[in-house]
Structures are given as C-alpha cells and as structure tokens.
Amino acid sequence: MYAPIFVTASASSAVKALIGSNPVRLYLFGDAPQGVTKPYVVWQTISGVPENYINHVPDIDSYTLQVDI
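These figures come from a predicted structure and were not determined experimentally.

Definitions and cut-offs
Residues numbered from 1 in each chain as written. Predicted model: local features only at pLDDT ≥ 70, side-chain atom pairs only at ≥ 80, totals over all residues. Heavy atoms only, no water. Pairing = 2+ DSSP bridges. Helix = DSSP H or I, 4+ residues; strand = E, 2+ residues; numbered from the N terminus. Axes fitted to C-alpha atoms, helices over the stretch in contact; angles between N-to-C directions. Phe/Tyr/Trp six-rings, centres within 6.5 Å; stacked < 30°, edge-to-face > 60°. Core = buried A, V, L, I, M, F, W, Y, C linked by side-chain atoms within 4.5 Å. Buried < 20%, exposed > 50% of the residue type's maximum accessible area, 1.4 Å probe, protein only. Contact = heavy atoms within 4.5 Å. Polar contact = N/O pair within 3.5 Å; in protein donor to acceptor, adjacent residues only side chain to side chain.

Student: Give me the lowdown on the sheet that holds strand β3 (residues 61-68), citing residues and values where you can.
Tutor: Reading across the sheet, the three strands line up as β1-β2-β3 and stay open at both edges, with mixed pairing between neighbours. Two strands lie at the open edges of the sheet, namely β1 (26-28) and β3, each paired on one side alone. The average undirected angle you get between the axes of adjacent strands in this sheet is 40°. For β1 and strand β2 (residues 41-50), the ladder comprises three bridges, and the chain directions are parallel. Residue Y27 lies in a different strand from β2, and its bridge partner there is V42.

What follows is the structure, given as structure tokens:
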C-alpha cells in the first residue's frame, strides 16, 4: 500500500500549476518516463507504520516519504 501522495497532490491547484495537470507529473521513484517534461516530481516511501487499536479498526497509518523535484 502506498501513501496517498498522488491523490493529495493532484487535488491541489497550486501543485498542478507547478508540475502540470495533463498529466500530473508526479511519479513513483523509478517510474518517470524517459524524456518527461520538466519540472516533475518523483517520490518514494522511506518507512511506514500501521496504527493498531484494540477496540476498532485503525483510521490512519504513518508514512515517511522522500520527494525529489
């Protein structure tokens, strides 16, 4: 499971103004196409920790991400 960085970033008009909107140039590290228009963003998960609760299903997870522009 990945952090919801693409959904969050592509919902922001400020982000789309910087990196484009057709397509949003935000890629998982190593998946950016060759010769992609600049600027673009790549990201990767550094660590992740699921939350665990005794009395109900967890509603959050914690992620540490690296974002390169």
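Student: Provide a residue-level description of the packing of aromatic side chains, including the pertinent values.
Tutor: Applying the stated criterion across every chain yields a total of two aromatic pairs. With centroids separated by 5.9 Å and ring planes inclined at 90°, the aromatic side chains of Y2 and W43 adopt a geometry described as edge-to-face. In this pair, Y2 sits in the segment before α1 (5-10) while W43 sits in strand β2, placing the two residues 41 residues apart along the sequence. Taking 6.4 Å as the distance between ring centres and 65° as the angle between the ring planes, the aromatic pair formed by Y27 and Y40 counts as edge-to-face. In this pair, Y27 is assigned in strand β1 and Y40 in the loop between β1 and β2, connecting sequence segments 13 residues apart.

Student: A description of the nonpolar core should follow, citing residues and the corresponding values.
Tutor: Counting seven residues, the largest nonpolar core consists of I5, A9, I19, V24, L26, V41 and W43. Among the secondary structure elements, those contributing two or more residues to this core are α1 and β2. Here A9 is in contact with V15, K16 and L26, once residues within four sequence places are set aside.

Student: Can you break down the side chain of R25 residue by residue, with the values?
Tutor: Tracing the chain through its elements places R25 in the loop between α2 (13-19) and β1. Setting aside chain neighbours within four positions, we find R25 in contact with L18, I19, G20, V36, T37, K38, P39, Y40 and V41.

Student: Break down the side chain of S10 for me, citing the residues and quoting the values.
Tutor: In this structure, S10 sits in helix α1. In terms of polar contacts, S10 uses its side chain to reach the backbone carbonyl oxygen of V7, at 3.4 Å. Once residues within four sequence positions are removed from consideration, S10 is found in contact with K16 and V24.

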